[in-house]
Amino acid sequence: MNALSPTLPDGDDIVIRVRGLVNRFGKQVIHDHLDLDVRRGEIIGIVGGSGSGKSVLMRAIIGLLTPAEGEIGIFGQDARNADAATAKELRRRWGVLFQEGALFSSLTVAENIEVPMREFLHLPEPLMAELAGYKIAMVGLPAEAGPKYPSELSGGMKKRAGLARALSLDPQLLFLDEPTSGLDPISAAAFDELIKVLKQTLGLTVFLITHDLDTLHAICDRVAVIGDKKVLAVGTIAELLLFDHPWVQEYFAGPRGRAARPGAPKAVEAA
Amino acid sequence: MVAASFEQLTGPGTVQRLAVSGPMTIAHIADVVEPLRAIAPTGSALVIDLAGIDSIDTTGAWIIHRLMATWSAAGVPATVENASEDAQRLITEVTSNDIEVALRPLAGNPVTARLSRIGAAVVAMSDNIGSFLGFLGQTMVVLLQTLAGRRPLRWNAVIHQCENIGVNALGIVGLLLFLVGIVVAQQGAVQLRAFGGEVFVVNLIGRSVMRELGILLTAIMVAGRSASAFAAQIGSMKLNQEVDALATIGMSPIEVLVVPRVLAMALMLLLLGFYGAVMAVIGGGLFCWLSLGIPPVTFVQRLQEVTPLSDMIIGLIKAPVFGIIIAMMGCFQGMQVSGNAESVGTRTTRAVVESIFVVIVLDAFFAVFFSALGYN
């Protein structure tokens, strides 16, 4: 077992454990015996080329897709063969932010945030409103965003509102699918900062799919590279730079990868 | 399941103490919120003892923060003690985000709100009529330019639409009108039997179906099938910015999307209307033969005698007009889609409802018009 192995020693506090995962659509194999471990309290970035199966991996872990083979353990429980009650209990402990926010378009932002509370808990109405208000403030939405409908929000605000809904039940685990794609660099940096702060204050474990090299550098504790239908390597960016694989080298040591490195002379080489 | 709980103590002097224990998390908080908030602020100070809590999340921290804020606002300084590092961090975090946040739209005065809704609806309706007229004009211009040969006619699209609108509807339209023919014959026979005039059923079928029912029912069926399809197709293209893409490439969306549909619909409704009328006559004739004992040969002879050719021509003149209006309604509502997927649904519904409504209104106009011309 080398330092960049996707699996961690048994002693570690592991939140997500994937073993031998096989996903296929028809004859096309997406994942071929993929392994991955995610530690409690870390932000793990998932990178890989387009079509390498990053989103499919996330969908398999959160149960939106039934894998052909393999084990998926979350919080030490078998998520694949869980009965309905356990699965529901597990769902309460994680939040998911989809790429475009996936807000319910017929509900306001505040109502969107209250949906999971209504579904899972019996809280008094005023308390739900209070908590929704707090979540809106916490994710940095403007105070007047609560009664707005998703169609009235900008892309960045939709993502923040989606994040507020994902955090509605105070999950311990957060799945983010390309949270900064489509945002301008300033909003993207602010979103990165928000996730970092939330992780520190709430003690979240974050599973982060991204293409954004700046995000990887700024907030990820470890990065998992998906390629050749497996997790090729997991480690810090510094460790991955020494990993001898053409795609990984191209990704982190290519012009954009170099430009995103902290302290890199920005855009000098490009110009 | 362990629930959150608290104990109220009076400390040294008039200092109030609240010892909170158990899980202060969103799943377990519901029971303690109300009693905690029900305690009226008294004494000289409040100390909240968090030594007994075994877990806390932002919701628990929020409750404690609000409690302290309420007591402080009432003039009783509040503090926490024995807070774990997590609890302290979370309380600091929620405190920093306690701002006034709007959650519900302002309700306002119910009378003025109602009036403003009515006003908005009237404005929206006149806007809608205005934009439909605009759309109608634009389409007419493009249509005339196409017919005059100044724009290419997209034959592939026309043929494809003809298949969707016409050929694929043969089954359902035929069955529907066949059944309507039987029903008209049967109900008519019941009434006419009282006068001993069962043979006049042929007049009833021939005239009503050829002139009115055949084309009207076909048009309603096609409006339900195809106006909705047009609105949904063009609406999703609009959402997906495909319509914008067409325009930027330099292709007119009206020319590419609307004109082929309008032409195909006008042609197909003409053919389908005739086919529907024939199916209804067949249904009625079958009923006459099997139930009233009028043989097919007699039925056809009598049909020829009592149904003037003008009935069929009037029926068929209406068909392309209905077709054009149905196709335009569908395309117009599709073009009006904006914002989100929900608006595709609303616009599709409106396309169907409004096109059926307009078809029936136009049919009434045609009836009055042709009567006034002396075609009875």
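Quick caveat, the model's predicted, so the values are computed rather than measured.

A. Looking closely at the overall build of chain A. The helix and strand tally for chain A stands at 10 helices and 10 strands. For chain A, the spread of C-alpha atoms along the principal axes amounts to about 55 × 50 × 40 Å. Per-residue burial for chain A yields a buried fraction of 53% across its 271 residues. Of the roughly 11700 Å² of accessible surface on chain A, a fraction of 53% belongs to carbon and sulfur atoms.

B. Region of interest: the sheet that holds strand E6 (residues 94-97) of chain A. All names here are of chain A. What the six strands build is an open sheet, ordered E6-E7-E8-E3-E9-E10; its pairing is mixed. Lying at the two open borders of the sheet, with one neighbouring strand each, are E6 and strand E10 (230-235). Averaged over all pairs of adjacent strands, the angle between their axes in this sheet comes to 15°, without regard to strand direction. Where strand E3 (residues 43-48) meets strand E8 (residues 205-209), four bridges bridge the pair, whose relative direction is parallel. Counted as the bridge partner of Ile46 is Ile209 from E8.

C. Region of interest: the domain arrangement of chain B. According to the domain assignment, chain B consists of domain 1 (5-96) and domain 2 (139-372). A C-alpha centroid distance of 71 Å is found between domain 1 of chain B and domain 2 of chain B.

D. Focus on helix H1 (residues 30-38) of chain B. Within the span of H1(B), buried status applies to B:Val32, B:Val33 and B:Leu36. Looking straight down H1(B), one finds its buried side chains confined to an arc of 110°; they lie on one side. Counted as exposed and oriented over 90 degrees from the buried face of H1(B): B:Asp31 and B:Ala38. Contact partners of the buried residues in H1(B): helix H4 (125-138) of chain A together with strand E1 (5-10), strand E2 (15-24) and helix H2 (58-73) of chain B.

E. Broad picture of the interface of chain B and chain A. With 27 residues of chain B in contact, the opposing surface of chain A contributes 33 residues. When the two sides are added together, the surface that chain B and chain A hide from each other amounts to roughly 2500 Å², 62% of it contributed by carbon and sulfur. Its largest share of buried area at the contact with chain A, chain B owes to B:Ile26, B:Leu103 and B:Arg104, together 24% of the area lost on that side. Here chain B and chain A share one salt bridge between them.

F. How the structure looks around the side chain of B:Glu93. Position of B:Glu93 relative to the elements: it lies in helix H3 (residues 85-96). One buried charged residue, B:Glu93, remains without a salt bridge, the closest side chain of opposite sign being B:Arg89 at 8.3 Å. Excluding residues within four positions of it along the chain, B:Glu93 makes contact with A:Tyr134, A:Met138 and A:Thr201.

G. Focus on the domain arrangement of chain A. All names here are of chain A. The domain boundaries assigned to chain A delineate domain 1 (1-93 + 171-262) and domain 2 (101-170). The centre of domain 1, based on its C-alpha atoms, is set 25 Å off from the matching centre of domain 2. Across the contact, 18 residues belong to domain 1 and 14 residues belong to domain 2. Taken together, both faces of the contact between domain 1 and domain 2 bury some 1300 Å²; the carbon and sulfur share is 72%. In this assembly, domain 1 and domain 2 are joined by one salt bridge. Residue Glu119 is joined to Lys88 by a salt bridge in which the shortest nitrogen-to-oxygen separation is 3.9 Å. Connecting domain 1 to domain 2 are three residue pairs in polar contact (both at pLDDT 80 or more). Elements with a minimum of two residues in the side of domain 1 that touches domain 2: helix H2 (84-92), strand E7 (173-177) and helix H6 (185-202). A total of six residues in the side of domain 1 that touches domain 2 trace back to one element, the largest contributor, which is H6.

H. Geometry of the packing of H1(B) against H2(B). Residues and elements named next belong to chain B. Contact geometry for H1 and H2: axes closest at 11 Å, N-to-C directions at 5°. For the element pair H1 / H2, the angle class is roughly parallel. Here Val33, Leu36 and Arg37 of H1 come into contact with H2, specifically with Trp62, Ile63, Arg66 and Leu67. Here the contact of H1 with H2 is built from residues that sort into five nonpolar, no polar and two charged.

I. Region of the structure containing a nonpolar patch on the surface. Residue and element names in this part refer to chain B. Among the surface-exposed residues, Val111, Leu115, Ile118 and Val122 lie close enough to one another that they form a single nonpolar patch of about 380 Å² accessible area. On the secondary structure map, Leu115 appears in helix H4 (residues 110-147). Judged by its relative accessible area of 54%, Leu115 is exposed.

J. Representation of the sheet that holds strand E4 (residues 69-74) of chain A within the structure. All names here are of chain A. Pairing is antiparallel across the open sheet formed by four strands, whose spatial order is E2-E1-E4-E5. Either end of the sheet is taken by a strand with one partner, and the two such strands are strand E2 (28-39) and strand E5 (77-78). Two elements, E4 and E5, share two bridges in a ladder whose sense is antiparallel. When the sheet's bridge partners are listed, Gly73 is paired in E5 with Asp78.

K. Region of interest: the pattern of salt bridges. On inspection of all chains with the given rule, the structure shows 21 salt bridges over all chains. For A:Arg118, the salt bridge identified is with A:Glu125, shortest N-O distance 3.0 Å. By relative accessible area, A:Arg118 is classed as partly exposed at 42%. With relative accessibility at 43%, the residue A:Glu125 sits in the partly exposed group. The closest approach of N and O atoms between B:Arg89 and B:Asp86, which form a salt bridge, is 3.2 Å. Placement of both B:Arg89 and B:Asp86 in helix H3 is noted, with a separation of three residues, approximately one turn of the helix. A network of salt bridges, in which partner residues are shared, links A:Glu114, A:Arg118 and A:Glu125.

L. Layout of the pairing of E3(A). Residues and elements named next belong to chain A. Burial analysis of E3 places six of its six residues in the buried class, the great majority of the element. Side chains Ile43, Gly45 and Val47 of E3 all project onto a buried face; the interleaved residues Ile44, Ile46 and Gly48 project onto the opposite face, where all are buried too. Here E3 runs beside strand E9 (residues 222-227); their pairing, made up of five bridges, is parallel. Within E9, the position partnered with Gly48 by the bridge is Ile226.

About the criteria used
- Residues numbered from 1 in each chain as written.
- Chains lettered and ligands numbered in written order.
- Predicted model: local features only at pLDDT ≥ 70, side-chain atom pairs only at ≥ 80, totals over all residues.
- Heavy atoms only, no water.
- Helix = DSSP H or I, 4+ residues; strand = E, 2+ residues; numbered from the N terminus.
- Buried < 20%, exposed > 50% of the residue type's maximum accessible area, 1.4 Å probe, protein only.
- Areas by Shrake-Rupley, 256 points an atom, 1.4 Å probe, with all protein chains shown as cover.
- Pairing = 2+ DSSP bridges.
- Axes fitted to C-alpha atoms, helices over the stretch in contact; angles between N-to-C directions.
- Domains from an automatic or database assignment.
- Arc of directions from axis to C-beta.
- Contact = heavy atoms within 4.5 Å.
- Buried area = accessible area lost by both parts, 1.4 Å probe.
- Salt bridge = Lys/Arg side-chain N within 4 Å of Asp/Glu carboxyl O.
- Lys, Arg positive; Asp, Glu negative; His and termini not counted.
- Polar contact = N/O pair within 3.5 Å; in protein donor to acceptor, adjacent residues only side chain to side chain.
- Parallel < 35°, antiparallel > 145°, perpendicular 65-115°, else oblique.
- Nonpolar A, V, L, I, M, F, W, Y, C, P; charged D, E, K, R; others polar.
- Patch = residues over 30% accessible without salt bridge, like charges linked within 9 Å, V, L, I, M, F, W, Y side chains within 5 Å.

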